[in-house]
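Geometric and topological summary
Spelled out from the first residue to the last, the chains are:
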Amino acid sequence: MAKLGVNVDHVATLRQARRTYEPDPAHAAAVCEFAGADSLTLHLREDRRHVQDRDLRLIRETAHLPLNLEMGLSHEILSIALQSMPDQATIVPERREEVTTEGGLDAAGRLVEVSEATGRLAGRGIRVSLFIEAEERHIRAAAQARAHAVEFHTGAYSLAHQRGAGPAVEELERLAAAATLARELGLVVNMGHGLNYRNITDLVSTVSVNEYNIGHAIISRALFVGLERAVAEMKRLIG
């Protein structure tokens, strides 16, 4: 049975729109836990556009679920990760001009950098995942860097699903083949980006995945049905 990781970044985005104290991502984390989420994800960006250092500290202190910290390859954020000790660190690409993470990490092209960060994090007992495209060169680079897991960027699948069954099937086959290779290399397979209540079911029925990390779709649905129900509904779809 696949697990559900809920990304609460968008709760922080809403708060930062007014630069006030609500809604609080820590409160959202507690609701997600009650609703059956298996883990929590936060992305602490260098520019602090949504999640703040306080959010990370508070959720780390109060949440009972495993915490997955998404992070770019910067010395500052790496230092914070080593201090806050999340259960998992997912290394992602990061550009200040992007609205959200666009594409996967160039694990093959930045292998030395990635390996160094992975080694430091793993040395403190933090599991490391790399957010990458479902491509052989990046999967092999993840294994070479001694990452524990990969999270495949599913943006292409999400867009293909909107175009119809044919393009979606092609993407599903590509993800399934990538997942098989990753597992053969000893990597845990997670997926995320652009997944929602409409496209998740085909993915669940086709590809074996350890965990789906979903944020935008859940927080969007929560506006209409409440966060507890939104998390519970997604949990049922992947379970």
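Described in the following lines is the structure provided in the data block. Just so we're clear, the structure is a prediction, and the values are computed from it rather than from any experiment. (Residues numbered from 1 in each chain as written. Predicted model: local features only at pLDDT ≥ 70, side-chain atom pairs only at ≥ 80, totals over all residues. Heavy atoms only, no water.)

1. So, the overall build of the chain
Counting secondary structure elements, the chain contains 11 helices and 8 strands. Principal axes of the C-alpha set define a box for the chain whose edges measure 45 × 40 × 35 Å. Buried residues in the chain amount to 53% of all 239 residues. Taking the contacts inside the chain whose residues are at least 6 apart along the sequence as the reference set, 66% of them involve residues at least 24 apart. In the structure as shown, the chain presents an accessible area of about 11,000 Å², 51% of it carried by carbon and sulfur atoms. Measuring between centres, the 27 positive side-chain charges of the chain sit 2 Å from its 32 negative side-chain charges. (Helix = DSSP H or I, 4+ residues; strand = E, 2+ residues; numbered from the N terminus. Buried < 20%, exposed > 50% of the residue type's maximum accessible area, 1.4 Å probe, protein only. Contact = heavy atoms within 4.5 Å. Areas by Shrake-Rupley, 256 points an atom, 1.4 Å probe, with all protein chains shown as cover. Lys, Arg positive; Asp, Glu negative; His and termini not counted. Charge placed at Lys NZ, Arg CZ, Asp CG, Glu CD.)

2. So, the nonpolar core
Counting residues in hydrophobic clusters, the biggest one holds 76 residues, and the most contacted among them are Leu121, Leu130, Phe152, Tyr212 and Ile218. If you tally residues by element for this core, the top one is helix H8 (residues 165-184), at 7 residues. Dropping the residues within four chain positions of it, Leu130 is found in contact with Ile91, Leu105, Ala107, Val114, Thr118, Ala142, Ala147, Ala149, Val150 and Glu151. (Core = buried A, V, L, I, M, F, W, Y, C linked by side-chain atoms within 4.5 Å.)

3. Comments concerning the environment of Arg229
Counting through the fold element by element, Arg229 comes out in helix H11 (residues 227-238). The spacing of Arg229 and Cys32 is 197 residues in sequence and 9.4 Å in space, taken between C-alpha atoms. At 2.7 Å, the side chain of Arg229 forms a polar contact with the side chain of Glu233. (Polar contact = N/O pair within 3.5 Å; in protein donor to acceptor, adjacent residues only side chain to side chain.)

4. As for unusual backbone geometry
With omega at -5 degrees, the peptide bond leading from Glu22 into Pro23 counts as cis. Structurally, Pro23 is set in the loop between helix H1 (9-18) and helix H2 (25-35). A positive phi angle, close to 50 degrees, is found at Arg19, a residue other than glycine. Along the chain, the position of Arg19 falls in the loop between H1 and H2. Under the relative-accessibility criterion, Arg19 is labelled exposed at 68%. For Met85, which is not glycine, the phi dihedral falls at a positive 55 degrees.

5. Overview of the environment of Ile91
For Ile91, the position within the fold is in strand S4 (residues 88-91). Judged by its relative accessible area of 0%, Ile91 falls in the buried class. The spacing of Ile91 and Ile132 is 41 residues in sequence and 9.0 Å in space, taken between C-alpha atoms. Setting aside anything within four residues of it in sequence, one finds Ile91 in contact with Met71, Leu73, Leu105, Ala117, Thr118, Leu121, Val128, Ser129, Leu130 and Phe131.

6. Quick notes on the sheet that holds strand S7 (residues 188-192)
The strand order around the closed barrel formed by 8 strands is S1-S2-S3-S4-S5-S6-S7-S8, and the pairing between neighbours is parallel. Across this sheet, the average inter-strand angle for adjacent strands is 25 degrees, counted without regard to direction. Sheet topology note: the strand S3 (residues 67-71)/S4 ladder contains 4 bridges and is parallel. In the sheet register, Glu70 faces S4, and the bridge partner there is Thr90. (Pairing = 2+ DSSP bridges. Axes fitted to C-alpha atoms, helices over the stretch in contact; angles between N-to-C directions.)

7. Thoughts on the packing of H2 against H11
Each pair of packed helices gets described by two things: the angle between the helix axes and the distance between those axes. Here H2 crosses H11 at 45 degrees, and the two axes come no closer than 8 Å. With respect to H11, the axis of H2 lies oblique. In this structure, H2 crosses over H11, and the sense of that crossing is right-handed. Across from Ala28, Val31, Cys32, Phe34 and Ala35 in H2, the residues of H11 making contact are Leu227, Glu228, Val231 and Ala232. (Parallel < 35°, antiparallel > 145°, perpendicular 65-115°, else oblique. Left-handed = near helix turned anticlockwise from the far one by under 90°.)

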